[in-house]
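Below, each chain spelled out in residue letters.
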Amino acid sequence: MTQLPTKVGVLGAGQMGGGIAQVAAVAGLQVCVYDAFPGAVEKCRGVHKKSLGKLVEKGKVTQADADASLARIEFVASVEDLKSRGCDWIVEAVIEDAKLKKDLFARLASLFTDERVVLATNTSSISITEIATAAGPAAGRVVGMHFFNPVPLMQLVEVIPAVQTAPGVTERTIALATKMGKTPLKANDRAGFISNRVLMPMLNEAFYAWMEGVAEPEAIDGIMKLGCNFPMGPLRLADFIGLDTCVNIMNVLADGLNNDRYRACPLLKQLVAAGRLGDKSGRGVYEYPGK
Ligand code: CAA
């Protein structure tokens, strides 16, 4: 039988890490969350309450299960605490910075020496093979486990083995994603995997269409929503993901696939330079006064 973890350690309490912690807890797993930024824990607690409240309202989770899930999530004060609390599966969901992630995986590898502990990364585009290499002797236990935002609602987990990942680790990742109520689908470790290789150039193209005056953002988004049944138009989705993240992912695609056709649109880069990062900064393509 495939071995499932008993306690999941999540690194990062932001949108993605918080969502991953929530779905793990709802699936009945004990969860420990660590975030280096002061204030992240309180914000994450608030997001959990709001999200679970919505799911209770919709009858997807009972109030008792929501309360029990919240009680299964513990916030800890250091990476070392994840080890002392007995976490036997780590999901890293810190910001998309290759050096930061590699340093973190080197540290995780020295802390979690037990061969059974899997070190998963939620990176959306950074090479899993390079992250695994940074984990040295633990490289075979590193795997990509890519969730989608908003994690409690999105069905997919993209599972990406590094060149070094042991086949058993990939199987266990698929089993854990299934236990978390998700549908795992496998992709190979090439820049952007499948999701962002296909999605990001489409979003980038919407910025080109806007820059060239083909249509205004509302029309671009309306056409794609109504004509292609997208839940959000491409420019609205770019704001939701974060325009800086979109630029970073386009850079990874251009460099990783050795092809300038993946370069970020100048208008997209200009908005980022102006601090218009999308929902998180209150303004991107659109304005979000309440955020
Ligand atoms: N938890 C629980 N409920 C939530 C929620 C959450 N985290 N987020 C939203 N909801 C609820 C809302 O409260 C709302 O509830 P009501 O109907 O009761 O008001 C309901 O979901 C619908 O939300 P909205 O009315 O705000 O808007 P919507 O109908 O457009 O749905 C959405 C929101 C689910 C986000 C939908 O627009 C959607 O699926 N958008 C596309 C998202 C997407 O493509 N995500 C992937 C991004 S790429 C990525 O994550 C990976 C990467 O590497 C970049």
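The model shown is predicted, which means the values in this text are computed figures rather than measured ones.

### Some thoughts on the side chain of glutamine 22
Here is step 1 of the chain: Looking at the element boundaries, glutamine 22 is found in helix 1 (residues 15-26).
Here is step 2 of the chain: The exposure class assigned to glutamine 22 is buried, which follows from its relative accessible area of 3%.
Here is step 3 of the chain: Each residue touching glutamine 22, except ones within four places of it in the same chain, is listed here: Val47, His48, Ser51, Leu52, Leu55, Ile73 and Pro152.

### A short note on the pattern of salt bridges
Here is step 1 of the chain: Scanning the model with the defined rule gives 14 salt bridges in all.
Here is step 2 of the chain: We note a salt bridge from lysine 99 to aspartate 103, for which the minimum N-O separation is 2.7 Å. Separated by four residues within a single helix, lysine 99 and aspartate 103 lie in helix 5 (residues 98-111), roughly one turn from each other.
Here is step 3 of the chain: A residue is classified by how much of its surface remains accessible, and lysine 99, at 57% relative accessible area, is exposed.

### As for the sheet that holds strand 7 (residues 156-161)
Here is step 1 of the chain: The strand order across the open sheet formed by eight strands is 3-2-1-4-5-6-7-8, and the pairing between neighbours is mixed. Each edge of the open sheet carries a strand with a single partner, namely strand 3 (73-76) and strand 8 (183-186). Averaged over all pairs of adjacent strands, the angle between strand axes in this sheet comes to 25°, irrespective of strand direction.
Here is step 2 of the chain: The pairing of strand 1 (residues 7-11) with strand 2 (residues 30-34) spans five bridges and is classified as parallel. Looking at the pairing, lysine 7 lines up with glutamine 30 of strand 2.
Here is step 3 of the chain: This element, helix 7 (residues 167-179), spans strand 4 (89-92), strand 5 (118-121), strand 6 (142-147), strand 7 and strand 8 of the sheet and lies at about 25° to strand 6.

### So, the side chain of serine 69
Here is step 1 of the chain: Along the chain, serine 69 falls in helix 3 (residues 63-71).
Here is step 2 of the chain: Residue serine 69 is classed as buried on the basis of its relative accessible area, which comes to 1%.
Here is step 3 of the chain: Setting aside chain neighbours within four positions, we find serine 69 in contact with Ala25 and Val26.

### Quick notes on the site of the ligand
Here is step 1 of the chain: Taken together, 17 residues form the shell around the ligand, and within it Ser51, Lys58, His146, Asn149 and Asn196 come nearest.
Here is step 2 of the chain: In the model, an oxygen atom of the ligand is placed 2.8 Å from a nitrogen or oxygen of the lysine 58 side chain.
Here is step 3 of the chain: Residue asparagine 196 places a side-chain N or O atom 2.8 Å away from an oxygen atom belonging to the ligand.
Here is step 4 of the chain: Calculation on the ligand without its partners gives an accessible area of 1,000 Å², and the protein chains cover 64% of this total.
Here is step 5 of the chain: Of all the secondary-structure elements, those providing two or more residues to the shell around the ligand are helix 2 (40-57), helix 8 (195-211) and helix 10 (234-241).

### Let's talk about the nonpolar core
Here is step 1 of the chain: Ile20, Val31, Val33, Trp89, Met145, Phe147 and Met180 are the most contacted members of the largest nonpolar core, which totals 31 residues.
Here is step 2 of the chain: In terms of residues, this core owes the most to one element, helix 1, which gives six residues.
Here is step 3 of the chain: Leave out the neighbours within four places in its chain, and phenylalanine 147 touches Met16, Ile20, Val23, Asn122, Leu156, Val157, Met180 and Lys182.

### Here we look at the domain arrangement of the protein chain
Here is step 1 of the chain: Under the domain assignment used here, the protein chain contains domain 1 (7-186) and domain 2 (196-281).
Here is step 2 of the chain: For domain 1 versus domain 2, the separation of C-alpha centres amounts to 27 Å.
Here is step 3 of the chain: Each partner contributes to the interface: domain 1 provides six residues, whereas domain 2 provides five residues.
Here is step 4 of the chain: Buried surface at the junction of domain 1 and domain 2, summed over both partners, amounts to about 500 Å²; 53% is from carbon and sulfur atoms.
Here is step 5 of the chain: Interface area lost by domain 1 to domain 2 is led by Ser124, Ser125 and Asn149, which between them contribute 59%.
Here is step 6 of the chain: Joining domain 1 to domain 2, the criterion identifies zero salt bridges.

### A few points about the environment of leucine 253
Here is step 1 of the chain: With respect to the secondary-structure elements, leucine 253 resides in helix 11 (residues 243-256).
Here is step 2 of the chain: For leucine 253 and alanine 191, which are 62 residues apart along the polypeptide, the C-alpha to C-alpha distance reads 5.4 Å.
Here is step 3 of the chain: Excluding residues within four positions of it along the chain, leucine 253 makes contact with Ala191, Gly192, Asn196, Arg197, Met200, Pro201, Asn258 and Tyr262.

### Considerations on helix 8
Here is step 1 of the chain: The first and last C-alpha atoms of helix 8 sit 24 Å apart over 17 residues, in line with the 24 Å expected at 1.5 Å per residue.
Here is step 2 of the chain: Residues Ser195, Asn196, Met200, Leu203, Asn204, Ala206, Phe207 and Trp210 constitute the buried set of helix 8. The arc that holds the buried residues of helix 8, viewed along the axis, is 150°, so those residues lie on one side. Exposed residues pointing more than 90 degrees away from the buried face of helix 8 are listed as Val198 and Glu205.
Here is step 3 of the chain: Where helix 8 is buried, its residues contact strand 6, strand 7, helix 9 (217-228), helix 10, helix 11 and helix 12 (266-273).

Thresholds, definitions, all that
- Residues numbered from 1 in each chain as written.
- Predicted model: local features only at pLDDT ≥ 70, side-chain atom pairs only at ≥ 80, totals over all residues.
- Heavy atoms only, no water.
- Helix = DSSP H or I, 4+ residues; strand = E, 2+ residues; numbered from the N terminus.
- Buried < 20%, exposed > 50% of the residue type's maximum accessible area, 1.4 Å probe, protein only.
- Contact = heavy atoms within 4.5 Å.
- Salt bridge = Lys/Arg side-chain N within 4 Å of Asp/Glu carboxyl O.
- Pairing = 2+ DSSP bridges.
- Axes fitted to C-alpha atoms, helices over the stretch in contact; angles between N-to-C directions.
- Near = heavy atom within 4 Å.
- Polar contact = N/O pair within 3.5 Å; in protein donor to acceptor, adjacent residues only side chain to side chain.
- Areas by Shrake-Rupley, 256 points an atom, 1.4 Å probe, with all protein chains shown as cover.
- Core = buried A, V, L, I, M, F, W, Y, C linked by side-chain atoms within 4.5 Å.
- Domains from an automatic or database assignment.
- Buried area = accessible area lost by both parts, 1.4 Å probe.
- Expected span 1.5 Å × (residues − 1).
- Arc of directions from axis to C-beta.

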